[in-house]
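Overview (structure and organization)
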Amino acid sequence: MIAPQLRQQFADAFKCSPLIVRAPGRINLIGEHTDYNEGFVLPASINLASHVAVARRNDGRITLYSLEFNERVEADIDQLKPHNRWTDYVLGVVDQLLKRGYLLGGFNLMLTSDIPIGAGLSSSAAVECAVALALDKLFDLNIDKLELALIAQHAEHQFTGTMCGIMDQFASLFGRKDHVVKLDCRSLEHQHLPFNFPGIEIVLFDTGVKHTLASSEYNTRRKECAEGVSMIGKRYPQVSSLRDATAAMVDECIPIDSVIYNRCRYVVEENERLLAACDDLKNGDIFAFGKKMFQTHSGLSNLYEVSCPELDLLVEKVKDMPGVLGARMMGGGFGGCTINLVNSLNSETVINNTSAAYREAMGKALSIYRVWLSDGASVLV
Ligand code: ADP
Ligand code: MG
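Right, let's walk through the structure included here.

Criteria and cut-off values
Residues numbered from 1 in each chain as written. Chains lettered and ligands numbered in written order. Predicted model: local features only at pLDDT ≥ 70, side-chain atom pairs only at ≥ 80, totals over all residues. Heavy atoms only, no water. Helix = DSSP H or I, 4+ residues; strand = E, 2+ residues; numbered from the N terminus. Expected span 1.5 Å × (residues − 1). Buried < 20%, exposed > 50% of the residue type's maximum accessible area, 1.4 Å probe, protein only. Pairing = 2+ DSSP bridges. 1 Å grid on protein atoms, 1.4 Å probe; cavity = no way out; pocket = protein on both sides within 12 Å on 5 of 7 lines; lining within 4 Å. Points joined across faces, edges and corners; volume = space filled by probe spheres on them. Nonpolar A, V, L, I, M, F, W, Y, C, P; charged D, E, K, R; others polar. Contact = heavy atoms within 4.5 Å. Axes fitted to C-alpha atoms, helices over the stretch in contact; angles between N-to-C directions. Near = heavy atom within 4 Å. Polar contact = N/O pair within 3.5 Å; in protein donor to acceptor, adjacent residues only side chain to side chain. Areas by Shrake-Rupley, 256 points an atom, 1.4 Å probe, with all protein chains shown as cover.

With that out of the way, let us pick up helix α8 (residues 259-282). One full turn of an α-helix is made of 3.6 residues, so residues set three or four places apart face in the same direction. Over its 24 residues, α8 runs 35 Å from end to end, which matches the ideal 34 Å to within 8%, given 1.5 Å per residue. Just past α8, the residue glycine 284 takes up positive phi, approximately 70°.

If you want it as structure tokens, here you go:
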């Protein structure tokens, strides 16, 4: 329903017919804080998406309009720079394309999205990927999907200053309906694994909080992991990231009661857990998969220490509820969502009871998103 309305609004505003591209948000089933340790992640593109309508202009001007921000902004293609606002996610992509030597002209662009902003579903990557694919088609650039993902990622780095990994953009572009994407963050090789369990729903509980600790602790974790690698590397020079380390190496090389030990143990275990979880999917064992999500949460909370009381409460509350197969915090931590695998027969009760418990404990409402796995980015018309 979104595309026809967007087409009409675009035609009303710009008096011409647009090309429309859809790029989805993403979830990550398992594999958290493994990306910058060159490990694996298991994201999937979802039904919530960003839609972008574009048409060429015959001058060098760019006009951008976001329906959610209800704002129209003009820019000159020869003078692009970040302005610390939503347009950076669009113009950053244009800037990347120009830096890579692609020939673009001016264009009109209208943007709309039903991905909640800042909830950890990567509304930013969806905007970038939609814009990148739309401009690729509009100007016949023939860029392959991996390069589009890198363009989108570098747009975010350079125009918004967020040093994100590649997972979000990769998932938005490479996702497939009823599949997860097993992505090797070292080689960028990927594999689609079926994830289609009728009667099982994916429910996200949004804490509605983002503690200020998030970015400083993220940098600290990266340093702690690097420190662990250098301790292991003294005895095992072939280990250049935690991706190469085993649990036995961590035990042997890092003092067992140290913070670094806990961080490294978590990452090494999480990589192993993800590989085992992929075997669960191949075996059709969603129950075993769900149990691993609880283990991931426990590792993130106790060893990696990136959870918070709100996230811990949500996972603790659902743990013993009938019909809950798995639950964990999702994303960088210190806020955002939990992801839950729930039997459809129990989902209403689980949602109602968890909302009530959250309100009672935290004094605020829980936002709930029921999501399913949809295709990655594509041109619609
Ligand atoms: P998220 O976890 O959702 O990716 P970010 O802070 O990384 O959160 O990105 C959110 C930003 O992306 C918004 O502040 C805005 O600048 C941009 N954005 C997302 N959706 C839209 C939209 N519909 N219109 C314009 N900008 C958007
Ligand atoms: Mg983002």
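A word on the pairing of strand β9 (residues 200-210). Of all eleven residues that make up β9, eight are buried, and the element is covered over most of its length. Taken together, the eight bridges between β9 and strand β11 (residues 335-343) define a ladder with antiparallel strand orientation. The residue of β11 that forms the bridge with phenylalanine 205 is threonine 338. Alignment of β9 against strand β12 (residues 367-371), held across five bridges, turns out to be antiparallel.

Reported here for the second largest pocket is a volume of approximately 230 Å³. Along the walls of the second largest pocket sit Asp178, Phe195, Asn196, Phe197, Pro198, Ile200, Glu201, Ile202, Arg370, Val371, Trp372 and Leu373, which together make up its complete lining. Looking at the lining of the second largest pocket, the elements that each hand over two or more residues are β9 and β12. When residues in the lining of the second largest pocket are grouped by element, the largest group, three residues, is from β9. Across the lining of the second largest pocket, the residue classes tally to eight nonpolar, one polar and three charged.

This part is about the pairing of strand β10 (residues 324-329). In terms of burial, β10 is a largely internal element, six of the six residues being buried. Bridge analysis of β10 against β11 gives five bridges, and the strand direction is antiparallel. Among the inter-strand pairings, methionine 329 is bridged to a residue of β11, identified as threonine 338. Linkage of β10 to β11, two consecutive antiparallel strands, is achieved through a turn of five residues, within which glycine 331 is found at a positive phi near 100°.

Here we take up the sheet that holds strand β4 (residues 61-66). Pairing in this open sheet of six strands is mixed, and the strands run β5-β4-β6-β3-β1-β13 from one edge to the other. Edge positions in the open sheet fall to β5 (71-76) and β13 (378-379), since each of these has one partner strand only. Bridging between β4 and strand β6 (residues 107-113) involves five bridges; their strand directions are parallel. Paired with leucine 64 across the bridge in β6 is leucine 109. Across the sheet, helix α2 (residues 88-99) touches β4, β5 and β6, and the angle it forms with β4 is around 150°. The sheet contacts of helix α3 (residues 123-138) involve β1 (19-28), β3 (43-56), β6 and β13, and relative to β1 the element is tilted by about 150°.

The next point concerns the site of ligand 1. The environment of ligand 1 is formed by 15 residues, the closest being Ser66, Glu68, Gly118, Ser123 and Ser124. Taking glutamate 68, its side chain carries an N or O atom lying 2.8 Å from a nitrogen atom of ligand 1. In this structure, serine 124 approaches ligand 1 through a side-chain N or O atom, which is 2.9 Å from an oxygen atom. Computed on the free molecule, ligand 1 has an accessible area of 570 Å², of which 81% lies beneath the protein chains in the complex.

Phi is positive for glutamate 38, which is not a glycine, with a value near 60°. Structurally, glutamate 38 is set in the loop between β1 and β2 (40-41). For glutamate 38, a relative accessible area of 29% puts it in the partly exposed group. Residue aspartate 178 is not a glycine yet carries a positive backbone phi of 60°. Along the chain, aspartate 178 turns up in the loop between α5 (167-174) and β7 (179-184).

Here glutamate 305 shows up in the loop between α9 (286-303) and α10 (309-319). Using a relative accessible area of 39% as the deciding quantity, one classes glutamate 305 as partly exposed. For the pair glutamate 305 and serine 240, spaced 65 residues apart in the sequence, the C-alpha separation amounts to 24 Å. Ignoring any residue separated from it by four or fewer positions in sequence, one finds glutamate 305 in contact with Arg221, Arg263, Gly299, Leu300 and Phe334.

Remember that the coordinates give geometry; whether it matters functionally is a separate question.
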